[in-house]
Amino acid sequence: MDCKIKKIYFLVFVVAVFFTASQVLAATASLIELFDGTTYENVKFRADKSYKVISFKIDGKKKNISFTDISRILDNNGEDVTARYLGKYLRTSQTAQSEAVETVQKREDWLGETDPVREKYNKPLWSVAFPVSVNFSIPAGSYYQGFKAGVGFTGEILIAINRNLSLRGTVSKSGMQDDLNEIAPGFRIIDDNLKFNVWKYFISLQFSNGPNWSANKKMGLYGFGGIGAVSHKLTGAAIIQDPFTDSMFIIIGSGEGESKLAFTSGFGFVGLLSPSFGIEFGATLDMIMIGTRQNTVAFDPYGNVETALHMDFHVGLITFL
Amino acid sequence: MNFWKRTLPLFAVMAILIAGGCAKNYRITHELEAPIDRIAIATIGEIVDMLPEDFEEGKKPTTEQIEAFKFHLTKQLRNKEIFASVAYDEPDAQYVVEGSILQFKKGSGLVRALIGFGIGSAKVTTELRLIRRAKSPEEQDEVIFAGNFKQTVSDWTESGDKIFERVAKDFAKVLKKRMKKLQKEMNSGKDS
């Protein structure tokens, strides 16, 4: 038998010895008395210090008794051996009684509405939070024809109303860009310095389900809906050339802002990295009320409201105060 | 033959380790004898400190951790649908879950990550009791189900506070299992 096999056999032997020893260490008690007055006589028991229970068989059924319920254990000679088996969990009836009084006192303190711990737990996770994120904004609708998706940024403030509801203030710069190939199809682009600035301002009501650092809930979900305005401004200029006539044209941004009423809704996730810091990611859909357009049906004098959409995906950081 | 000589002890060690790993994380001290009224309301009562007298004050679980423990007990009992409702601090509830912390070790996530092998583990041993509240002043509150539950977190990727969630999960799971068994016995008794 080589050395490796000998080592494995030795390991098996050691494990087996430990298992057997734990069974052999069972002791006999002439009496086990509980604080409620119950007694068990002449039982062979084993003290499980890991689970803080004493185990024995009674009428063929296994019985476990918690250390906290045991008043005393007497051995076969009538000697009190409670301390030997319960160790630091030994309690006399007197201390058990005083603990019970303390417990009642604790419960009364706990249930008090003014208890600071209770107040702390029930109050919102934060009073104010500041999410900052990078967004990727995709426009949709004929109003945004000639503009394409781009990367922008968002700054927000969350003011907690209660544990689940908060007021969400948003200022966001959309990263949408002009797309001259769509504005002037077939034209050669000589220079493009057009800047399309879209700023969004919203006030929303947010519902959050967590997260909660003290409850070990590191991930939370939120959803929100609100109202605001979206401003659009095109500045700068671009030079394009007709490939057939070589004529040059200059497109100049008017520089005049155009603000529209808008509605926002979205959802996202917050993951806590510490009690006051986390990451967040989510998606937002903004509906922008462009205005009315005259309906082509002659007998409908009211026209329809035209809308445009922004789909935003964002990822960022959030700080809780 | 040589193959079995070499591998049999390995299988034996693995079997012992697996058996140890699959062992129950609790010892039931008071078994539920009759099914619980499913239209009853339960509440989570106090979780008290029954740690040894010489246990260092600073190493005891914080009130936030105990609150989190109560939160997990509420959540797990609700998930298992044992009661019609599990409310928080409900004075009119017919059942109350109370507990004691018998052993606690906060552990260290950093030590678990850097060293491992069980060093830096978070551990807790708790005694949990389901009590039927007295219906009248003449009656007394009665413990109808109790057990000592132990949990450990030795993985660095998990928060040490997970021990409370696991204990709560075990408690609700064992209680539900016992309820199912009793109901099955009752149904088979009716059928026969």
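The structure reproduced in this document is the subject of the present report. (Residues numbered from 1 in each chain as written. Chains lettered and ligands numbered in written order. Predicted model: local features only at pLDDT ≥ 70, side-chain atom pairs only at ≥ 80, totals over all residues. Heavy atoms only, no water.)

Structural notes on the overall build of chain B
Item 1. Counting its secondary structure elements, chain B contains four helices and six strands.
Item 2. Each helix and strand of chain B, ordered N terminal to C terminal, gives the series α-β-β-α-β-β-α-β-β-α.
Item 3. Sorting the 192 residues of chain B into buried and exposed places 43% on the buried side.
Item 4. A sequence separation of at least 24 residues applies to 74% of the contacts in chain B between residues at least 6 apart.
Item 5. Summing over all exposed atoms, chain B offers an accessible surface of approximately 10,600 Å²; the carbon and sulfur share of this is 55%. (Helix = DSSP H or I, 4+ residues; strand = E, 2+ residues; numbered from the N terminus. Buried < 20%, exposed > 50% of the residue type's maximum accessible area, 1.4 Å probe, protein only. Contact = heavy atoms within 4.5 Å. Areas by Shrake-Rupley, 256 points an atom, 1.4 Å probe, with all protein chains shown as cover.)

Re the packing of aromatic side chains
Item 1. Applying the stated criterion to the full structure yields 15 aromatic pairs over all chains.
Item 2. An aromatic cluster is present here, built from Y26, F145, F149 and F171 of chain B joined pairwise through their rings.
Item 3. Its guanidinium or amino end placed over the ring of Y51 of chain A, K150 of chain B lies 4.8 Å from that ring's centre, counting from NZ or CZ. (Phe/Tyr/Trp six-rings, centres within 6.5 Å; stacked < 30°, edge-to-face > 60°. Lys NZ or Arg CZ within 6 Å of the ring centre and 35° of its normal.)

Considerations on empty space enclosed by the protein
Residues and elements named next belong to chain A.
Item 1. Inspection of the entire model under this criterion finds one cavity of 30 Å³ or more.
Item 2. In this model, the largest cavity occupies a volume close to 150 Å³.
Item 3. T154, E156, T170, T284 and D312 are the residues nearest the centre of the largest cavity, which is lined by 15 residues in total.
Item 4. Elements represented by at least two residues in the lining of the largest cavity include exactly β6 (128-140), β8 (150-160), β9 (165-174), β12 (195-209), β17 (277-293) and β18 (304-320).
Item 5. A total of three residues in the lining of the largest cavity trace back to one element, the largest contributor, which is β9.
Item 6. Of the residues contributing to the lining of the largest cavity, the split by class is two nonpolar, eight polar and five charged. (1 Å grid on protein atoms, 1.4 Å probe; cavity = no way out; pocket = protein on both sides within 12 Å on 5 of 7 lines; lining within 4 Å. Points joined across faces, edges and corners; volume = space filled by probe spheres on them. Nonpolar A, V, L, I, M, F, W, Y, C, P; charged D, E, K, R; others polar.)

Section: the pairing of strand β4 (residues 95-105) of chain B
Strand residues, when the strand is regular, have side chains that alternate between the two faces of the sheet.
Residues and elements named next belong to chain B.
Item 1. Most of β4 is tucked away: nine of the 11 residues are buried.
Item 2. As paired strands, strand β2 (residues 41-49) and β4 are joined by six bridges and run parallel to one another. Bridge pairing in β4 places T43 opposite V96. (Pairing = 2+ DSSP bridges.)

Remarks on the sheet that holds strand β3 (residues 85-88) of chain B
Residue and element names in this part refer to chain B.
Item 1. Reading across the sheet, the six strands line up as β1-β6-β5-β4-β2-β3 and stay open at both edges, with mixed pairing between neighbours. This sheet does not close on itself; its edge strands, each paired only once, are β1 (26-30) and β3. On average, each strand axis in the sheet is inclined to that of its neighbour by 25 degrees, with strand direction left out of account.
Item 2. In the sheet, β1 pairs with strand β6 (residues 142-153) via four bridges, with the strands oriented antiparallel. Bridge assignment links H30 to a residue of β6, and that residue is A146.
Item 3. Along the sheet, helix α2 (residues 63-79) makes contact with β2, β3, β4 and β5 (122-132), crossing β2 at roughly 150 degrees. (Axes fitted to C-alpha atoms, helices over the stretch in contact; angles between N-to-C directions.)

Concerning the nonpolar core
Item 1. Ranked by size, the top nonpolar core spans 38 residues in total, and within it I36, L77, L130 and F171 of chain B carry the most contacts.
Item 2. Contributions of two or more residues to this core are made by β1, β2, α2, β4, β5, β6 and α4 (162-191) of chain B.
Item 3. With residues near it in sequence (within four places) discarded, L130 of chain B still touches I36, F83, Y95, V96, V97, E142, V143, I144, F145, F171 and L175 of chain B.
Item 4. Counting 20 residues, the second largest nonpolar core, distinct from the first, contains L34, I54, V81 and L86 of chain A. (Core = buried A, V, L, I, M, F, W, Y, C linked by side-chain atoms within 4.5 Å.)

Regarding the environment of K176 of chain B
Residue and element names in this part refer to chain B.
Item 1. Note that K176 resides in helix α4.
Item 2. Residue class for K176 comes out buried when judged on its relative accessible area of 18%.
Item 3. In this structure the C-alpha to C-alpha distance between K176 and K80, which are 96 residues apart in sequence, comes to 6.7 Å.
Item 4. Residues contacting K176, with those up to four places away along its chain left out, are R38, K80, E81 and I82.

Concerning α2 of chain B
Item 1. The end-to-end C-alpha separation of α2 of chain B is 24 Å, in line with the 24 Å expected for 17 residues at 1.5 Å each.
Item 2. Once α2 of chain B ends, the next one or two residues include E81 of chain B, with phi positive near 50 degrees. (Expected span 1.5 Å × (residues − 1).)

Observations regarding the side chain of E127 of chain B
Item 1. Considering the arrangement of structural elements, one finds E127 of chain B in strand β5.
Item 2. The exposure class of E127 of chain B is buried, given its relative accessible area of 1%.
Item 3. In this structure the side chain of E127 of chain B is engaged in a polar contact, spanning 2.6 Å, whose partner is the side chain of T68 of chain A.
Item 4. Within polar-contact distance, the side chain of E127 of chain B engages the side chain of R129 of chain B at 3.4 Å.
Item 5. Beyond its immediate sequence surroundings of up to four residues, E127 of chain B is in contact with S66, T68 and D69 of chain A together with E98, G99, S100, L102, G147 and N148 of chain B. (Polar contact = N/O pair within 3.5 Å; in protein donor to acceptor, adjacent residues only side chain to side chain.)

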